[in-house]
Amino acid sequence: MLFFNASASSNTPSPHTVHIQSDWYNDAQKRWEGSAHSPDTVAVIIMVNGKNPISVPVSGGRFSWAPSQPLPDGEHVLTFVAVDRANNQSDIVSVNYNIDTIAPDKPQITAIEDYAAGGIHNGNSIKRHGYTNDANPVVRGEAEANSLVYIYNKNSKTPLASVTANQHGKWEVEVNLPNDGAYELSAVAEDRANNRSQPSLKWPFQLDTEKPDSATINYFEDDVGLYRGQFDLIRATDDRRPE
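Residues numbered from 1 in each chain as written. Predicted model: local features only at pLDDT ≥ 70, side-chain atom pairs only at ≥ 80, totals over all residues. Heavy atoms only, no water.

K.L.:
Any chance you could explain the overall build of the protein chain here in plain terms?
P.N.:
The helix and strand tally for the protein chain stands at zero helices and 19 strands. Pairs at least 24 residues apart make up 60% of the contacts formed inside the protein chain by residues separated by at least 6 positions. Accessible surface computed for the protein chain: about 14,600 Å², of which carbon and sulfur atoms make up 47%. (Helix = DSSP H or I, 4+ residues; strand = E, 2+ residues; numbered from the N terminus. Contact = heavy atoms within 4.5 Å. Areas by Shrake-Rupley, 256 points an atom, 1.4 Å probe, with all protein chains shown as cover.)

Okay, here's the thing in structure tokens:
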């Protein structure tokens, strides 16, 4: 949002204040709206990259403008100048209007590492369609450099975790798996302009953190000597290898 606070009927440029965010956007025809608080302000002159000035009328102290044609991806500079009835002009306000309309490529999950003591994959990656007893595994992968990576389970809309890829596109994040059961983790990358990639290939596995019941011996089977058969544990046996 632009705010011009201009004094009227002056032969010098009118003072003004501006509150606006220069950023990356995925809208190549973003609409810019603003306010000119001086009642004498009649127009705002807008230029894109210092070319082709456009006079946008101010009505009721407000103005609105969007490019008539989509701007190409890349970095652009918009300039705004408020003009009053006496053709006095405010100082130039410059805004970086950077455009990125291309979604990142699909990220990749390269490993889901199990660090739970006693686990079958302790210190190594959980295999696809494998098992783990680690409810907080570390997911590693690759994505567009500096993109924000979200980790999802199955078709959930709520991410389990998020992390920013480094300048080389590498990332890792610990996820909290709330319950035992089947999981299918995937990653989605979001770039600086909020473009989102397609989900990565899912990584299915099973989480099982419950210990099995203790084993019990009900009887043994003796097949040596005079007395053979199934006997309880208090019975003596001459079978050196009872079953």
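So, next bit.
K.L.:
I'm lost on the pairing of strand β15 (residues 170-174) in this one. Help?
P.N.:
Along any regular strand the residues' side chains alternate between the sheet's two faces. Along β15, the buried face is formed by W171 and V173; none of K170, E172 and E174, which line the opposite face, is buried. Alignment of strand β12 (residues 138-142) against β15, held across five bridges, turns out to be antiparallel. The residue bridging V138 from the neighbouring strand is E174, located in β15. (Buried < 20%, exposed > 50% of the residue type's maximum accessible area, 1.4 Å probe, protein only. Pairing = 2+ DSSP bridges.)

K.L.:
I would appreciate a short explanation of the side chain of T132 in the present structure.
P.N.:
With respect to the element layout, T132 can be found in strand β11 (residues 130-132). A polar contact is formed between the side chain of T132 and the side chain of D114, at a distance of 2.6 Å. In this structure the side chain of T132 is engaged in a polar contact, spanning 3.0 Å, whose partner is the backbone nitrogen of D134. (Polar contact = N/O pair within 3.5 Å; in protein donor to acceptor, adjacent residues only side chain to side chain.)

K.L.:
What is the right way to look at the environment of D91 in this model?
P.N.:
Topologically, D91 is positioned in the loop between β7 (77-84) and β8 (93-99). When the C-alpha positions of D91 and V81 are compared, they lie 6.4 Å apart, and in sequence the two are ten residues distant.

K.L.:
Looking at this model, I keep getting lost on the nonpolar core. Mind explaining?
P.N.:
Here is a general trend for soluble globular proteins: nonpolar side chains tend to be buried in one another's company. Core analysis: the biggest nonpolar cluster contains 21 residues, and V139, I151, W171 and L185 have the highest contact counts within it. No other element matches strand β16 (residues 181-190), which puts four residues into this core. Every residue in contact with V139, bar those within four places of it in the chain, is listed here: I109, A111, I112, I151, W171, E172, V173, V175 and L185. The next biggest cluster of nonpolar side chains, apart from the first, holds 18 residues, and it includes W32, V93, Y97 and I99. (Core = buried A, V, L, I, M, F, W, Y, C linked by side-chain atoms within 4.5 Å.)

K.L.:
What's the story with the pairing of β12 in this structure? I'm lost.
P.N.:
Pairing of strand β9 (residues 108-114) with β12 involves five bridges; the strand directions are antiparallel. Counterpart to Q108 in the pairing with β12 is E142.

K.L.:
Explanation requested: the environment of S197 in the structure shown.
P.N.:
Mapping S197 onto the fold places it in the loop between β16 and β17 (203-207). You can call S197 buried: its relative accessible area is 7%. The contacts of S197, once residues within four sequence positions are left out, are P104, D105, K106, P107, V188 and A189.

K.L.:
Would you mind going over the pattern of salt bridges with me for this structure?
P.N.:
Side chains that differ in charge, positive against negative, can pair when their charged atoms come close. Counting across every chain of the model gives six salt bridges. Notably, a salt bridge pairs R140 with E113, separated by 2.8 Å at the nearest N-O pair. Separated by 27 residues along the polypeptide, R140 in strand β12 and E113 in strand β9 bring together distant segments of the chain. The exposure class of R140 is partly exposed, given its relative accessible area of 22%. According to the relative accessible area criterion, E113 is buried, its value standing at 14%. The residue K202 makes a salt bridge to E184 at a minimum N-O spacing of 3.8 Å. Taken as a pair, K202 in the loop between β16 and β17 and E184 in strand β16 lie far apart in primary sequence, 18 residues in all. Overall, K202 belongs to the partly exposed group, its relative accessible area being 32%. (Salt bridge = Lys/Arg side-chain N within 4 Å of Asp/Glu carboxyl O.)

K.L.:
What is the right way to read the sheet that holds strand β2 (residues 23-25) from this model?
P.N.:
Within a sheet, neighbouring strands are paired by backbone hydrogen bonds and run either parallel or antiparallel to one another. An order of β2-β8-β7-β4-β5 is seen for the five strands of this open sheet, with the pairing classed as mixed. The outermost strands of the open sheet, each flanked by one partner alone, are β2 and β5 (51-57). On average, each strand axis in the sheet is tilted by 30 degrees relative to the strand beside it, whichever way the strands run. Sheet topology note: the strand β4 (residues 41-48)/β5 ladder contains five bridges and is antiparallel. Within the sheet, the bridge partner assigned to A43 lies in β5 and is P57. (Axes fitted to C-alpha atoms, helices over the stretch in contact; angles between N-to-C directions.)

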